[in-house]
Amino acid sequence: MLRRGFGLRGPRHARHSVPVSQLEALSLPIGDDGVVIGVDSETRPTVLGINRPTPYDIVLIGGLWTAQVIALRTAATGARVAVETGRPQAWMQMVHAMGGGQNGLAVHEVGRVPPQGSSAGTPVLVVRDCGMRPPRGRVVSGPWQSVLTVLPYLSPVAPRLVRQARLVGVQRVSPDEAAELGRTMALLRADVDALPTLPDGLTLWCTDRDRQYVMTQPTDAEIGLLGSPRRMD
């Protein structure tokens, strides 16, 4: 039997519905949706869910190379990336490679990031590359707008930023810095001992409950643009 505009009638199935009062009980598993930032100890892809409907603050105590890989891969998902930096020359190669800022990545002076107008259709990542003591940002995290703050080393403002962050990444640091982070973040002794010896490209990512080592492996295109993994810039 033909139905006008719909073709053949398909199999009949019972309708699936729930009362409005039960809608809040529904949830969808979205933990595997996001930006692939590397592989874990068993070489399984590790995904960072940057584009979120709720505010999300990330702190990376590490090198610019890792932050730029995250920014590049985030832009590749269709999100816009706004970089607030005191060293714009370090980002210019990425800007030029992506079409002069017209294709998802723009660089701004410190304190000069305009409102981004983020939404579910146009999520935003703000990268704050503002040195050891980043000033309080004018543009903060919000719905569909995450903020990644890059700290090259531990600084007096680091404990405050770490406490406020939902996710913290730590790359190779000195033994003294590792000990301080161990106290601030309640790290295991094994992690404190490991932090001063981490190779380039390896990051310990921490939430309130989880700890995971992730190796960021660049693609050939990323190596051509950013070079090989490195902790120092």
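Draft legend 1. Region of the structure containing unusual backbone geometry. Residues other than glycine seldom take positive phi values, yet Trp144 does so here, at roughly 65 degrees. Here Trp144 shows up in the loop between β8 (124–129) and β9 (145–151). The phi torsion at Ala186 lies on the positive side, around 55 degrees, for a residue other than glycine. Looking at the secondary structure, you find Ala186 in the loop between α4 (175–185) and α5 (189–194).

Draft legend 2. Quick look at the packing of aromatic side chains. A full pass over the atoms with the stated rule returns zero aromatic pairs. Looking at Arg52, its charged tip hangs above the ring of Tyr56, at a distance of 3.9 Å from the centre.

Draft legend 3. Broad picture of α4. Within α4 the residues assigned to the buried category are Glu177, Ala178, Leu181, Gly182 and Met185. Taken down its axis, α4 places every buried residue within 140 degrees of arc, on the same side. Summarising the geometry of α4, the exposed residues directed more than 90 degrees from the buried face are Pro175, Asp176 and Arg183. In this structure, the buried residues of α4 make contact with β5 (56–61), α3 (158–164), β10 (167–170), α5, β11 (202–206) and β12 (211–215). Positive backbone phi, approximately 55 degrees, marks Ala186, located one or two places after α4.

Draft legend 4. Inspection of the nonpolar core at higher detail. With 31 residues, the main nonpolar core has Val81, Met94, Val127, Leu148 and Trp205 as its most contacted residues. Of all elements in the fold, only β3 (35–39), β5, α1 (64–76), β6 (80–85), α2 (92–97), β8, β9 and α6 (220–226) reach the threshold of two or more residues within this core. Among the elements that line this core, the one with the most residues is α1, at eight residues. Beyond its immediate chain neighbours, meaning those up to four positions away, Val81 contacts Ala71, Thr74, Ala75, Gly104, Leu105, Ala106, Leu125 and Val127. Counting residues in hydrophobic clusters, the runner-up holds 22 residues, among them Leu161, Ala165, Leu187 and Val192.

Draft legend 5. Expanded view of a nonpolar patch on the surface. A contiguous nonpolar surface patch, about 260 Å² in accessible area, is contributed by Met132, Tyr153 and Met232. Locating Tyr153 in the fold gives a position in the loop between β9 and α3.

What counts and how
- Residues numbered from 1 in each chain as written.
- Predicted model: local features only at pLDDT ≥ 70, side-chain atom pairs only at ≥ 80, totals over all residues.
- Heavy atoms only, no water.
- Helix = DSSP H or I, 4+ residues; strand = E, 2+ residues; numbered from the N terminus.
- Phe/Tyr/Trp six-rings, centres within 6.5 Å; stacked < 30°, edge-to-face > 60°.
- Lys NZ or Arg CZ within 6 Å of the ring centre and 35° of its normal.
- Buried < 20%, exposed > 50% of the residue type's maximum accessible area, 1.4 Å probe, protein only.
- Arc of directions from axis to C-beta.
- Contact = heavy atoms within 4.5 Å.
- Core = buried A, V, L, I, M, F, W, Y, C linked by side-chain atoms within 4.5 Å.
- Patch = residues over 30% accessible without salt bridge, like charges linked within 9 Å, V, L, I, M, F, W, Y side chains within 5 Å.
- Areas by Shrake-Rupley, 256 points an atom, 1.4 Å probe, with all protein chains shown as cover.
- Salt bridge = Lys/Arg side-chain N within 4 Å of Asp/Glu carboxyl O.

In short, geometric facts, not functional conclusions.
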